[in-house]
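A closer look at the structure
So the chains spell out like this:
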Amino acid sequence: MTMLGPDTAPHTRWKKSPEHIVEFPVAPMLDMSFQLLAFFILTFQAPSGETRIDLYLPATPAALVAAPDASEGSPRPGSAASMPDLETDLLVRAEADELGDLVSLTLQGAPVPDPAALRDRLRRYREQLAGEPVKVRLEADDRLRYEEAARIIGSCSAAGVDSVRLAGPAADPAGGGLP
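Quick notes on the rules
- Residues numbered from 1 in each chain as written.
- Predicted model: local features only at pLDDT ≥ 70, side-chain atom pairs only at ≥ 80, totals over all residues.
- Heavy atoms only, no water.
- Helix = DSSP H or I, 4+ residues; strand = E, 2+ residues; numbered from the N terminus.
- Buried < 20%, exposed > 50% of the residue type's maximum accessible area, 1.4 Å probe, protein only.
- Areas by Shrake-Rupley, 256 points an atom, 1.4 Å probe, with all protein chains shown as cover.
- Contact = heavy atoms within 4.5 Å.
- Pairing = 2+ DSSP bridges.
- Axes fitted to C-alpha atoms, helices over the stretch in contact; angles between N-to-C directions.

1. Notes on the overall build of the chain
- When you go through the chain residue by residue, the secondary structure sums to four helices and five strands.
- The secondary structure elements of the chain, listed N-terminal to C-terminal, are α-α-β-β-β-α-β-α-β.
- Looking at the chain as a whole, 20% of its 179 residues are labelled buried.
- Summed over its atoms, the accessible surface of the chain is roughly 13,800 Å², and 60% of this surface lies on carbon and sulfur atoms.

2. A word on the side chain of E148
- Mapped onto the secondary structure, E148 falls in helix α4 (residues 146-158).
- When its relative accessible area of 10% is taken as the criterion, E148 is described as buried.
- Ignoring any residue separated from it by four or fewer positions in sequence, one finds E148 in contact with G100, D101 and L102.

3. Comments concerning the sheet that holds strand β2 (residues 102-107)
- In spatial order, the strands read β3-β2-β1-β4-β5; together these five strands make up an open sheet with mixed pairing. What marks the edges here is a single partner per strand, and that holds for β3 (110-112) and β5 (163-167). When strand polarity is set aside, the average angle formed by the axes of neighbouring strands in this sheet is 25°.
- As paired strands, strand β1 (residues 89-96) and β2 are joined by five bridges and run antiparallel to one another. Paired with A96 across the two strands is L102, which belongs to β2.

Purely geometric numbers; function is a separate question.
Right, dumping it as structure tokens:
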């Protein structure tokens, strides 16, 4: 019996099978990806409508005028005695430019430079009216951006104001509102 060693191993020849070359069509896929990319770039619209919130505020009601035959003893409609919350109801007016930026801010008719100064003045009102509820009526221009109105309301809240009422610009007797 003969042993087969490495030198004596029978040589078997394996036939090489033909190689299967898989062709992957890259050019059409690249073409389709660029077409999709171009489609999404050309049809994309920035979400500008989501960043702006239109806030339409109701106009403030006109003050009630007393009837000419009102007696001295009874409170007139529209007087502070008939509406006790008007004594601590502070008026804050905010006017905006065409872009919605805050251009002027007033508290009880006195100009205020910015919402931080408004907060400080409201804190002083709060200290002077110790124990009384302090209420703010915010008359905002229709064009005022929400961010600006939120800063004003935040200043009122930081000053310890009990309530903030929102109102549109009051119409003056001449027929116009805020410019």
